[in-house]
Amino acid sequence: MIRTLLLIVVMGLGPTVLAQADESVDLDALYRQIDDAISQSPTYVAERERKIADWRNRLNKEKNVEKSVQMAEELFRLYQPYKNDSALYYAEVCIALADSLRRPDLAGRFRSMLAYQLSDADMLTESIEELRVIDKSTLDSVGLVNYYHAWMHVHGELGSKTQRNAVRLNYYAQQDAYRDSVLMVADEGSEEWLHLKVDILCARQLYQDALELSGQWLQKVTDGTHESAYAAFYRSMIYDRLKNHDQTCYWLGKSALDDIRCAVMNQASLLFLAERLANDGDISRAYRYAEFAKACNLTFCPRLRAYQVNSVVNVIEKNNQANQARSSRILINASIVIALLIIALLLILYRLNRKKDGR
């Protein structure tokens, strides 16, 4: 009984202790960096477009089909977080080239990548159709990681969208099964392995282990890349579980900053940060971040996804509430000023009348 009580106390205090033990952060300095990055966004976009144009020109000139596959895949990866329709196009180019080489292993891997991209853009039916075409037996270990990862993602999306509890639980159970499959075939320490292990550790409330693994992940990635933004986002989720406000905002901001500098249009971190800023009362900055993130996401895909709509709406509502409160204060202040002016005018008229009567 005593051991059980001690365990409950430790589990309850653990997040607080961990949250207090980490380093302090300068959020204002980070927000200034984000503001500067947003102002320079056209420069970052131009650099990504330059890289895309270079690879596209090389692909158009290439005669060797095997080299063309590699170039088309590079174009897919450049477009993957940038413009969804173009990413889908180059995934299909990769599939066609792999088919021409009679490489079902490559075609299956690229089709899995296409399915994940479709799922990430809420095209769930199309994603499932692509996955059902794949012959799993032809895939190598890399292809299997992509295949299971795409199935895991689409089941998670399906579970999040249904209102039927039994159906939701079934989808999430299948998501868990595919997560286990990914972990069985993914290389330990790979991006896919790391983010799933962090998810599992957080679900088990092993936050210290999750932070340690997150730290290892951050050491593996190059700072200022989309990969580092992804790792930072997952670290923010750990701190969110720990109820550590400043660290959550810091790592969301770090993730957003890296993605802005990489001209990533599939923005999540900046939207979540905007929501937190709105809740903190920093409405002006929250609104700027939400509007920028919304514009980015509409560039990636012409239709906002559900979580994006919710985040934007929440910030807009906070902004409207702030505007209404400001208007009310202005109206009250104006009423007071007008009342004082009327009183002053009445006093002046009263004194003038007194002087007339005295004469």
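Quick summary incoming for the structure in this document.

Cut-offs used in this document
Residues numbered from 1 in each chain as written. Predicted model: local features only at pLDDT ≥ 70, side-chain atom pairs only at ≥ 80, totals over all residues. Heavy atoms only, no water. Helix = DSSP H or I, 4+ residues; strand = E, 2+ residues; numbered from the N terminus. Buried < 20%, exposed > 50% of the residue type's maximum accessible area, 1.4 Å probe, protein only. Contact = heavy atoms within 4.5 Å. Areas by Shrake-Rupley, 256 points an atom, 1.4 Å probe, with all protein chains shown as cover. Expected span 1.5 Å × (residues − 1). Patch = residues over 30% accessible without salt bridge, like charges linked within 9 Å, V, L, I, M, F, W, Y side chains within 5 Å. Salt bridge = Lys/Arg side-chain N within 4 Å of Asp/Glu carboxyl O.

## Focus on the overall build of the chain
Scanning the chain from N- to C-terminus turns up 16 helices and zero strands. Here the chain holds 359 residues, and the buried ones make up 44% of them. At a minimum sequence separation of 6, the contacts of the chain that also span at least 24 residues come to 61%. For the chain, the computed accessible surface area is about 19,900 Å², with 53% contributed by carbon and sulfur atoms.

## Considerations on helix H12 (residues 226-241)
Compared with an ideal rise of 1.5 Å per residue, which puts 16 residues at 22 Å, H12 spans 23 Å between its outermost C-alpha atoms and is within 8% of the ideal. Taken as a whole, H12 has its buried residues at Ser228, Ala229, Ala231, Ala232, Phe233, Tyr234, Arg235, Ser236, Ile238 and Tyr239. Buried-residue contacts for H12 involve helix H10 (191-203), helix H11 (207-220), helix H13 (245-261) and helix H14 (269-280). One or two positions beyond H12, positive phi appears at Lys243, with a value near 60°.

## Regarding a nonpolar patch on the surface
On the surface, Ile336, Leu340, Ile343 and Leu347 cluster together to form a nonpolar patch covering roughly 380 Å² of accessible area. Assignment of secondary structure puts Ile343 in helix H16 (residues 306-358).

## Here's the deal with the pattern of salt bridges
Side chains that carry opposite charge are capable of pairing whenever their charged atoms lie near each other. Applying the stated rule across the entire model yields 16 salt bridges. A salt bridge links Asp35 to Arg285; the nearest nitrogen and oxygen atoms lie 3.1 Å apart. Of this pair, Asp35 sits in helix H2 (residues 27-39) while Arg285 is found in helix H15 (residues 283-300), placing the two residues 250 residues apart along the sequence. One network of salt bridges, with partners in common, ties together Asp35, Asp282, Arg285 and Arg288.

## Focus: unusual backbone geometry
At Lys243, a residue that is not glycine, the phi angle is positive and equals roughly 60°. As for its position among the elements, Lys243 is in the loop between H12 and H13. Positive phi, close to 60°, is recorded for Ala263, a residue that is not glycine. Mapped onto the elements of the fold, Ala263 is located in the loop between H13 and H14.

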